[in-house]
Amino acid sequence: MADYILEMKNITKLYPGVKALDDVNLQVERGEIHALVGENGAGKSTLMNVLSGTIPFGEYTGDIIYNGEKCTFNNIHDSENKGIVIIHQELALIPELTIAENMFLGNERKNSIGKIDWARTYSEAQTQMQRVGLKEKSNVLIKDIGTGKQQLVEIAKALSKSVKLLILDEPTSSLNEEDSKMLLDMLLGFKKEGLTSIIITHKLNEVAYCADNITVLRDGATIETISNADHNIDEERIIKGMVGRELTNRFPSREHNVGNEVLFEAKNWTVYHPVYTEKCVDKNVSFKVHKGEIVGFSGLQGAGRTELAMSLFGRSYGSHISGQEFINGKEVHLKNEHDAIEHGLAYATEDRKVNGLVLSDSIAWNTTMAKMDKVSNKRGIINVAEENKAAEEYVKAMKTKTPSIQQAVGNLSGGNQQKVLLSKWMFAEPDVLILDEPTRGIDVGAKYEIYCIMNDMVAQGKAVVMISSELPELLGMCDRIYVMNEGEMVGEFTKEEATQEKIMSAILASDKQHQ
Amino acid sequence: MNFKAFIKKYTMVIALVVVFIFFSFLTGGKNLMAQNISNLVLQNAYVLVMACGMLLCILTGGNVDLSVGSTLCLSAALSAKILSLGAPAPVAIIASLGVGALIGVWQGYLIGYVHIPPFICTLGGMFLFRGFARVILDSRTISVSNDGFLKIFTSYITIPGLDTQNNCVSALILGIIVAILVVLITILRRASQKKNGYDVAPALGTYLRTGIIAILIVAYSFKLMQYKGIPVMLIWILLVVLIFAFLTSSTVFGRYFYAVGGNEKATKLSGIDPRKVYFRAYFWMSFLAAFSGLLMASRIGSVDGNMGNSFEMDAIASCFIGGASAYGGSGTVPGIMIGALLLGVINQGMSIFGLSDMWQYVVKGGVLLAAVVFDVVSNHKTGKS
């Protein structure tokens, strides 16, 4: 019989009105990487909250057997004492503190009278950072390092707690492909040293790459545990378990009706950083978007794609912006975001929670927000009935899952939030819709629906610009793909030409030039 | 709506009723006397008016305006001074409101466009405007005796021949008319919603609520009838409250406050300029504070350099008791009016009962904390954070 470090047996968790977990079983072997997959709302996070003690013993039924003994965790400290550490999707680091301070937060290195031993703190931090390959000084502030490095800090922090079972919730959702691979390779390295990990992720290629066993959850129940001993499981096989049906095509097909008319164009667009004004983030970038076209922007993090999109969208980012911007063939000088919307531009941000939605407001309010004059009269009086009708229409069209349009957006799952964000911009009736990472952190089913919405847009003769870090979706959806690196345009491929290899080599070639 | 949801939605209304009944027992029904009912709103005129402006500030993200007590004093002092020099009432009123608008532009500009933190900016204003007020008053008390001025704000509506001192039938008649209008509007609105195929709220709940409101209006006007009739100041207050209730609930102007308070970045990227929204919040706040200054000057009949001290705190407390979020983005005018009335009922009840000032502070603080703690805890339980 296999040596299980963790067995969760018949876990059931009820919330008022919903069964979040229904008789779930999970068995994790010692020294493996175990992937936990499922659509949003399948119960993955709830299950991990049970395991870590965030949901205390007594609020669920079932048993947790860890290292052969039955455990009753009342809080996160109980589980951490046993060596179970969870790293959440939203990183729990304090921006204004140093790497070392964050690493030992709540677990400070103190001397006998309770004074913090700074020398020990910084040197121990440095040791842990080496283990995760983080090349920074331990006295650097968290806010001064990128998301990828912050993720490494979290892992180093877990290692400092002598972790035996490491749980990572969507560790790569905000990382680009290169950083993601590095992180996964590191996990594989730790596995060799005997660390057991549970990884929750939506990215199935990562699952196939690193997991030994895969447990699929759906609607709060365990569907199956699939072995992936030889690390080349078919992704379709996992999807079948997740959605309960075969998704024959991950990208909806469409007719490619790209017109000759150029709808949106930028020439020699140059943007500098808003704070460090001598740093150039976009340099002489030019591109064109035709009527009925989906244009992809590929590149690593920091390539300047978001900065490009935002600076074009009414100068909502950057300083010393220069270059020309054309909409429908006419040169425009957009003063602000409102101006951009009036000219038929829309920009759906990559970070829907921070920049995209008003989480405390209802679906209805969020939907109409960018174009209030469509549901109000000249004097600015809102026609609430009309607003609700519009919101209902978009909920239906987008297949947003919600009990009502009066629901606060913060209570929806990620995929449904993304649909509300798209509703908002569709409601504004743009000619050009810029989508920044539109499918980040959402499940396969919702992704498919968002691709369909994009197809509908271009079928109506509009244009979509899609910024994405996931190459497969760019290749699957776009008519043309631009490749950016370090603020410059380094490649352009048609749908027929483009392959993952060509795009990556375009990036690498430009890197070499820089060196 | 089930019982729990009902309790949650009407917590403060229930609290208001309970507190009111409690004080009726405690004072042997004295707080039900016509004079006390009539004075309840008038005594709290400044809170009711300024809470409307304060709500706008709080909506933008839990920001408050600390300067309104001083602005109120400056406005009152200016009017009193101008009137004492023999100028007619309209001149004083326009001058005071003008100064309020000027202060609004000043603070709105600093907070919205120069990005001075509201707390600091209005703290500065608090000292600054009280200072100016005392300069105008020359550290003395100036009495307000201009008949025209007093008539505009403190008189009662009486129709000769119909009304007498303690039997102002006109008040009751007007009350009944308003009550009928409220019922009619509710019925008509429901019918038109139904005709257009929109979702309508359950009939029983809607009519029950409308019925209760109508009965309260009639009962209130009955009490007013027994004591001098309808005060003009009540009409001023209602005007302000109704305008701001309408603005916040039904206009784009109002919607933007909720959006900015909920997520400023998302609001900006939706093509709304947050700077304008901040500007408007602090502009209207100062304007309403100046207006309250006129109400206070006429009601008290004199102005001194301490007028309006800590009034800003009453307005802020009303908002938070009335369900405005300390983080911004939520709160309604009807809600904060309930909050203001709750504070008013407690103050008046304790005064009638004979509790001293010091205990009133203790109770005020307790009520404020209890309301906010209740709000946070009950939201926590329903899963909103």
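Residues numbered from 1 in each chain as written. Chains lettered and ligands numbered in written order. Predicted model: local features only at pLDDT ≥ 70, side-chain atom pairs only at ≥ 80, totals over all residues. Heavy atoms only, no water.

(A) Inspection of the pattern of salt bridges at higher detail. All names here are of chain A. Scanning the entire structure with this criterion turns up 28 salt bridges over all chains. Close ionic contact of Glu 136 with Lys 149 constitutes a salt bridge, the shortest N to O distance being 2.9 Å. Of this pair, Glu 136 sits in the loop between α4 (118-131) and α5 (147-160) while Lys 149 sits in helix α5, and the two are 13 residues apart along the sequence. A relative accessible area of 22% places Glu 136 in the partly exposed class. Of the residues examined, Lys 149 reaches a relative accessible area of 32% and is grouped as partly exposed. A salt bridge links Arg 237 to Glu 224; the nearest nitrogen and oxygen atoms lie 2.9 Å apart. Placement of the pair is Arg 237 in helix α8 (residues 235-243) and Glu 224 in strand β10 (residues 221-227), with a sequence separation of 13 residues. Overall, Arg 237 belongs to the partly exposed group, its relative accessible area being 33%. (Salt bridge = Lys/Arg side-chain N within 4 Å of Asp/Glu carboxyl O. Helix = DSSP H or I, 4+ residues; strand = E, 2+ residues; numbered from the N terminus. Buried < 20%, exposed > 50% of the residue type's maximum accessible area, 1.4 Å probe, protein only.)

(B) Looking closely at the interface of chain A and chain B. Contacts between the two partners involve 32 residues from chain A and, on the opposite side, 22 residues from chain B. Our count for the chain A to chain B interface comes out at 2 salt bridges. The partner of Glu387(A) in a salt bridge is Arg255(B), with the nearest N and O atoms 2.6 Å apart. Remark: the boundary between chain A and chain B carries 9 residue pairs in polar contact (both at pLDDT 80 or more). Secondary structure elements with two or more residues in the side of chain A that touches chain B: α10 (337-342), α11 (352-356), α12 (363-368), α13 (384-398) and α14 (414-427) of chain A. The leading source of residues in the side of chain A that touches chain B is α13(A), at 5 residues. Considered class by class, the residues forming the side of chain A that touches chain B number 14 nonpolar, 10 polar and 8 charged. (Contact = heavy atoms within 4.5 Å. Polar contact = N/O pair within 3.5 Å; in protein donor to acceptor, adjacent residues only side chain to side chain. Nonpolar A, V, L, I, M, F, W, Y, C, P; charged D, E, K, R; others polar.)

(C) View of the state of the cysteines. Counting across every chain of the model gives 0 disulfides over all chains. Of the cysteine sulfurs around Cys52(B), a residue in no disulfide, the closest is that of Cys319(B), at 8.3 Å. (Disulfide = S-S within 2.5 Å.)

(D) Representation of the packing of helix α8 (residues 147-154) of chain B against helix α14 (residues 274-300) of chain B within the structure. Residue and element names in this part refer to chain B. Here α8 crosses α14 at 110°, and the two axes come no closer than 9 Å. Classified by the angle between their axes, α8 and α14 sit roughly perpendicular to one another. In the packing of α8 onto α14, the handedness of the crossing is left-handed. Within the contact between the two elements, α8 uses Phe 149, Leu 150, Phe 153 and Thr 154 and α14 uses Phe 291, Leu 294, Leu 295, Ala 297, Ser 298 and Arg 299. Grouping the amino acids of the contact of α8 with α14 by side-chain chemistry returns 7 nonpolar, 2 polar and 1 charged. (Axes fitted to C-alpha atoms, helices over the stretch in contact; angles between N-to-C directions. Parallel < 35°, antiparallel > 145°, perpendicular 65-115°, else oblique. Left-handed = near helix turned anticlockwise from the far one by under 90°.)

(E) Highlighting the pairing of strand β7 (residues 165-169) of chain A. Residue and element names in this part refer to chain A. Most of β7 is tucked away, with 5 of its 5 residues classed as buried. As judged from the 4 bridges shared by strand β6 (residues 84-87) and β7, these two strands associate in the parallel manner. Residue Val 85 lies in a different strand from β7, and its bridge partner there is Leu 166. By the bridge criterion, 5 bridges tie β7 to strand β8 (residues 196-200) in an arrangement that is parallel. By the bridge assignment for β8, Leu 166 is matched with Ser 197. (Pairing = 2+ DSSP bridges.)

(F) Main features of the pairing of strand β19 (residues 480-485) of chain A. Residues and elements named next belong to chain A. Counting buried positions along β19 gives 6 out of 6 residues, so the element sits mostly inside the fold. Burial along β19 is two-sided: Arg 480, Tyr 482 and Met 484 and Ile 481, Val 483 and Asn 485, pointing in opposite directions, are all buried. The sheet contact formed by strand β13 (residues 294-298) and β19 spans 4 bridges and is parallel. Bridging across to β19, Gly 296 finds its partner in Ile 481.

(G) Spatial organisation of the packing of helix α4 (residues 45-59) of chain B against helix α16 (residues 333-353) of chain B. All names here are of chain B. The N-to-C vectors of α4 and α16 enclose an angle of 140°; their axes lie 10 Å apart at closest approach. As the angle between them shows, α4 and α16 are arranged oblique. Every pair of crossing elements has a handedness; the one defined by α4 and α16 is right-handed. Counted together, Val 47, Leu 48, Ala 51, Cys 52 and Leu 55 of α4 and Val 333, Ile 336, Met 337 and Ala 340 of α16 form the full contact between these two elements. In terms of residue class, the contact of α4 with α16 is made up of 9 nonpolar, no polar and no charged.

(H) Fine view of the nonpolar core. Residues Met50(B), Met54(B), Phe149(B) and Val303(B) are the most contacted members of the largest nonpolar core, which totals 93 residues. At 14 residues, α4(B) tops the list of elements feeding residues into this core. Judged by nonpolar contacts, the second largest core, of 82 residues, contains Ile363(A), Ile405(A), Val465(A) and Leu471(A). (Core = buried A, V, L, I, M, F, W, Y, C linked by side-chain atoms within 4.5 Å.)

(I) Structural detail: a nonpolar patch on the surface. A contiguous nonpolar patch, built from Ile159(B), Leu162(B), Ile173(B), Leu174(B), Ile176(B), Ile177(B), Val178(B), Ile180(B), Leu181(B), Leu184(B) and Ile185(B) and spanning about 900 Å² of accessible area, is present on the exposed surface. Topologically, Ile177(B) is positioned in helix α9 (residues 169-195). (Patch = residues over 30% accessible without salt bridge, like charges linked within 9 Å, V, L, I, M, F, W, Y side chains within 5 Å. Areas by Shrake-Rupley, 256 points an atom, 1.4 Å probe, with all protein chains shown as cover.)

(J) Structural detail: the environment of Ala506(A). Residues and elements named next belong to chain A. Structurally, Ala 506 is set in helix α17 (residues 500-514). Judged by its relative accessible area of 13%, Ala 506 falls in the buried class. On a C-alpha basis, the gap between Ala 506 and Met 489 in space is 9.9 Å, while along the polypeptide they are 17 residues apart. Those residues in contact with Ala 506, other than ones at most four positions away along the chain, are Val 483, Val 490 and Phe 493.

(K) Structural context of empty space enclosed by the protein. Residue and element names in this part refer to chain A. Applying the stated criterion across every chain, the model contains 4 cavities of 30 Å³ or more. Every residue lining the largest cavity is counted, 13 residues in all, and those nearest its centre are Ser 173, Lys 203, Arg 440, Gly 441 and Glu 470. Residues belonging to the lining of the largest cavity are distributed by class as follows: 2 nonpolar, 5 polar and 6 charged. Taken as a whole, the second largest cavity holds about 80 Å³ of empty space. Contributing to the lining of the second largest cavity are Asn 176, Glu 177, Ser 298, Gly 299, Leu 300, Ser 468, Ser 469, Glu 470, Leu 471, Leu 474, Met 504 and Ile 507. Elements supplying a minimum of two residues to the lining of the second largest cavity: α16 (471-477) and α17. By residue class, the composition of the lining of the second largest cavity is 5 nonpolar, 5 polar and 2 charged. (1 Å grid on protein atoms, 1.4 Å probe; cavity = no way out; pocket = protein on both sides within 12 Å on 5 of 7 lines; lining within 4 Å. Points joined across faces, edges and corners; volume = space filled by probe spheres on them.)

(L) Main features of the sheet that holds strand β12 (residues 280-290) of chain A. Residues and elements named next belong to chain A. Read across the open sheet, the 4 strands follow the order β12-β11-β14-β15; overall the sheet is antiparallel. Of all strands in the sheet, those with a lone pairing partner are β12 and β15 (330-332), marking the two edges. For this sheet, the mean inter-axis angle between neighbouring strands, taken without regard to orientation, is 15°. Bridge count for strand β14 (residues 319-327) against β15 is 3 bridges, and the pairing is antiparallel. Bridge assignment links Phe 326 to a residue of β15, and that residue is Glu 331.

(M) Structural context of the sheet that holds β13(A). Residue and element names in this part refer to chain A. Reading across from one edge, β16-β17-β18-β13-β19-β20 is the order of the 6 strands in this open sheet, with mixed pairing throughout. Of all the strands in the sheet, the pair left with one neighbour each is β16 (345-348) and β20 (488-494). Across the sheet, the mean angle separating the axes of adjacent strands is 20° when strand polarity is ignored. Across the sheet, helix α9 (residues 305-312) is in contact with β13, β16, β17 (432-436), β18 (463-467) and β19; its angle to β16 comes to roughly 145°. In this fold helix α15 (residues 444-459) packs onto β13, β17 and β18, with an angle of close to 145° to the strand it touches most, β18.

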